[in-house]
Amino acid sequence: MYLLITPNRLTLLRIFLLPFPCLLLLSESYSAKIGALVAGFLLGITDYLDGILARKYKKVTSIGAILDPIADKIFVSSVYLVLVYLNYFSFLPVFLIILREILVSFLRSWFPDKIKVSKIAKLKTLFQMSFAGFAVLLYIHFPSFKSLINLFLWIIAIFSYISAIPYFHRVWYKIKEFRKNLKNFFISFLSLIYPLGLLLSFPLAKNLFWINIISLSFFFFKRGLVKSSPKWAYEKIWLSFFIALLLILEYIYFKSLFFSLWLILIISFLRDGFKSLKFMWRILKLQ
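Quick notes on the rules
Residues numbered from 1 in each chain as written. Predicted model: local features only at pLDDT ≥ 70, side-chain atom pairs only at ≥ 80, totals over all residues. Heavy atoms only, no water. UniProt positions renumbered as here; feature names shortened; annotations may be inferred. Helix = DSSP H or I, 4+ residues; strand = E, 2+ residues; numbered from the N terminus. Buried < 20%, exposed > 50% of the residue type's maximum accessible area, 1.4 Å probe, protein only. Areas by Shrake-Rupley, 256 points an atom, 1.4 Å probe, with all protein chains shown as cover. Axes fitted to C-alpha atoms, helices over the stretch in contact; angles between N-to-C directions. Parallel < 35°, antiparallel > 145°, perpendicular 65-115°, else oblique. Left-handed = near helix turned anticlockwise from the far one by under 90°. Contact = heavy atoms within 4.5 Å. Nonpolar A, V, L, I, M, F, W, Y, C, P; charged D, E, K, R; others polar. Polar contact = N/O pair within 3.5 Å; in protein donor to acceptor, adjacent residues only side chain to side chain. Phe/Tyr/Trp six-rings, centres within 6.5 Å; stacked < 30°, edge-to-face > 60°. Lys NZ or Arg CZ within 6 Å of the ring centre and 35° of its normal. Salt bridge = Lys/Arg side-chain N within 4 Å of Asp/Glu carboxyl O. Expected span 1.5 Å × (residues − 1).

- You'll find the protein chain entered in an unreviewed UniProt entry as CDP-diacylglycerol--glycerol-3-phosphate 3-phosphatidyltransferase, with Thermodesulfobacterium geofontis given as the organism.
- Turning to the protein chain, the UniProt record has this under Subcellular location (unreviewed entry): "Membrane".
- A UniProt comment under Catalytic activity (unreviewed entry) is attached to the protein chain, and it reads "a CDP-1,2-diacyl-sn-glycerol + sn-glycerol 3-phosphate = a 1,2-diacyl-sn-glycero-3-phospho-(1'-sn-glycero-3'-phosphate) + CMP + H(+)".

Rendered as structure tokens:
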């Protein structure tokens, strides 16, 4: 039976349409923000519809199992950073939440068989998505409740790390058996300088904040496609150092970021974006 809307296409739809609610959130119009909540809610529902569709039509695939957590990470990190830009959220708890996603993505690329999405992780994602909508609704009606919003945001951040404990526990025992490539594994940690640079420079990006979001999204997508590829993980460490150095030097000399961010956007597309979009196109062509 041919399906126009397959589970994998539905998952990709969640990524492709994500800029729509984000742009609506950036509008000063009340109706636009309500529209963003509705759009975000509909996109959030696809997180569960794709699973239902896959089981109903027996379309459960390994690609689908990979795509779903990738889409969730892109959704949460993008929306949360937009809310930081709008001053709805404080940066530090959001930084910790996205840092958790970066670490889990890194570990999953090395140990895909050990880090499969758990029930508590699915619950964590549900809380994160639901809270984003609740926070926007509360803020636009009661802006004085910002301190309460950020209190709950810290609770979300703490729960995010609690949900990752099973992952860290499994990986810890796997590392003990990972004698042969242990050196490469720890060296590859240096590649995380790149996403950390994108994240740490976000508050300094100002109106170019969207470059950090797009680059992080490409990072999550490509990293999520790496099954167990140590070579990919550490072969471009020099590029991570170069980007970090570029950000630091421009900020030291100009007290702002501009040229380095545009260069990062180009590098991000060449390094992660092109392959990610090519892979998305392949999925869209599949039944």
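**What about the overall build of the protein chain?**
Thinking step 1. For the protein chain, the helix and strand inventory stands at 14 helices and zero strands.
Thinking step 2. When the helices and strands of the protein chain are read in sequence order from the N terminus, they spell out α-α-α-α-α-α-α-α-α-α-α-α-α-α.
Thinking step 3. Counting all 287 residues of the protein chain, 50% fall into the buried class.
Thinking step 4. Of the roughly 14,700 Å² of accessible surface on the protein chain, a fraction of 73% belongs to carbon and sulfur atoms.

**Thoughts on the packing of helix 5 (residues 91-110) against helix 11 (residues 209-225)**
Thinking step 1. For the pair helix 5 and helix 11, interaxial distance at closest approach is 9 Å and the crossing angle is 25°. Taken as axis vectors, helix 5 and helix 11 run roughly parallel relative to one another. For helix 5 against helix 11, the interelement crossing comes out left-handed. Touching Ile98, Glu101, Ile102, Ser105, Phe106 and Ser109 of helix 5 are Leu216, Phe219, Phe220 and Arg223, all from helix 11.
Thinking step 2. Partitioning the contact of helix 5 with helix 11 into residue classes produces six nonpolar, two polar and two charged.

**Let's talk about the side chain of Asn150**
Thinking step 1. Position of Asn150 relative to the elements: it lies in helix 7 (residues 146-176).
Thinking step 2. There is a polar contact of 2.8 Å between the side chain of Asn150 and the backbone nitrogen of Ser90.
Thinking step 3. Residues within four places of Asn150 in sequence aside, it is in contact with Tyr88, Phe89 and Ser90.

**Some points on the packing of aromatic side chains**
Each pair of aromatic rings is reported with the distance of its centres and the angle of its planes.
Thinking step 1. Applying the stated criterion to the full structure yields 15 aromatic pairs.
Thinking step 2. Among the aromatic residues, those joined into a ring-pair cluster are Tyr80, Phe89, Phe131 and Phe134.
Thinking step 3. One residue, Arg108, lies across the ring of Tyr167, its end atom 5.8 Å from the ring centre.
Thinking step 4. The ring of Tyr194 carries the charged tip of Arg271 above its face, separated from the ring centre by 4.4 Å.

**Notes on the pattern of salt bridges**
Thinking step 1. For the structure on display, the rule yields seven salt bridges.
Thinking step 2. Between Lys73 and Glu101 there is a salt bridge; the shortest N-O distance is 3.3 Å. Highlighted residues: Lys73 in helix 4 (residues 62-85) and Glu101 in helix 5, separated in sequence by 28 residues. The pair formed by Lys73 and Glu101 is uniform in burial state, with each residue classed as buried.
Thinking step 3. Across the salt bridge formed by Asp272 and Arg271, the nearest N and O atoms sit 3.7 Å from each other.

**Comments concerning the UniProt feature "transmembrane region" (unreviewed entry) in the protein chain**
Thinking step 1. According to UniProt, the positions carrying the feature "transmembrane region" (unreviewed entry) are residues 79-99, 120-142, 148-169, 181-202, 208-225 and 237-254.
Thinking step 2. Taken end to end, residues 79-99 comprises 76% helix and 0% strand; its first and last C-alpha atoms sit 15 Å apart.
Thinking step 3. The straight-line gap between the two end C-alpha atoms of residues 208-225 is 27 Å; of that span, 94% is helix and 0% is strand.

**Quick look at helix 13 (residues 237-254)**
Thinking step 1. A rise of 1.5 Å per residue sets the reference length of helix 13, with its 18 residues, at 26 Å; its end C-alpha atoms lie 26 Å apart and thus fit the reference within 8%.
Thinking step 2. Every buried residue of helix 13 is accounted for by Ile237, Leu239, Ser240, Ile243, Ala244, Leu247 and Glu250.
Thinking step 3. Just beyond helix 13, the residue with positive phi is Lys255, at close to 60°.

**Some words on the environment of Leu247**
Thinking step 1. Note on placement: Leu247 falls in helix 13.
Thinking step 2. Leu247 gets classed as buried once you look at its relative accessible area, which sits at 7%.
Thinking step 3. On a C-alpha basis, the gap between Leu247 and Phe259 in space is 9.1 Å, while along the polypeptide they are twelve residues apart.
Thinking step 4. Apart from residues no more than four positions distant in its own chain, Leu247 is found in contact with Gly197, Ser201, Leu257, Ser260, Leu261 and Ile264.

**Some details on the packing of helix 5 against helix 9 (residues 193-200)**
Thinking step 1. It is the contact of helix 5 with helix 9, at a shortest axis distance of 11 Å, that shows an interaxial angle of 160°. Considering the angle they form, helix 5 stands roughly antiparallel to helix 9. Seen from above, helix 5 lies across helix 9 with right-handed handedness. Contact with helix 5, carried on its side by Phe91, Phe95, Ile98, Leu99 and Ile102, involves Pro195, Leu196, Leu199 and Leu200 of helix 9 and no other residues of that element.

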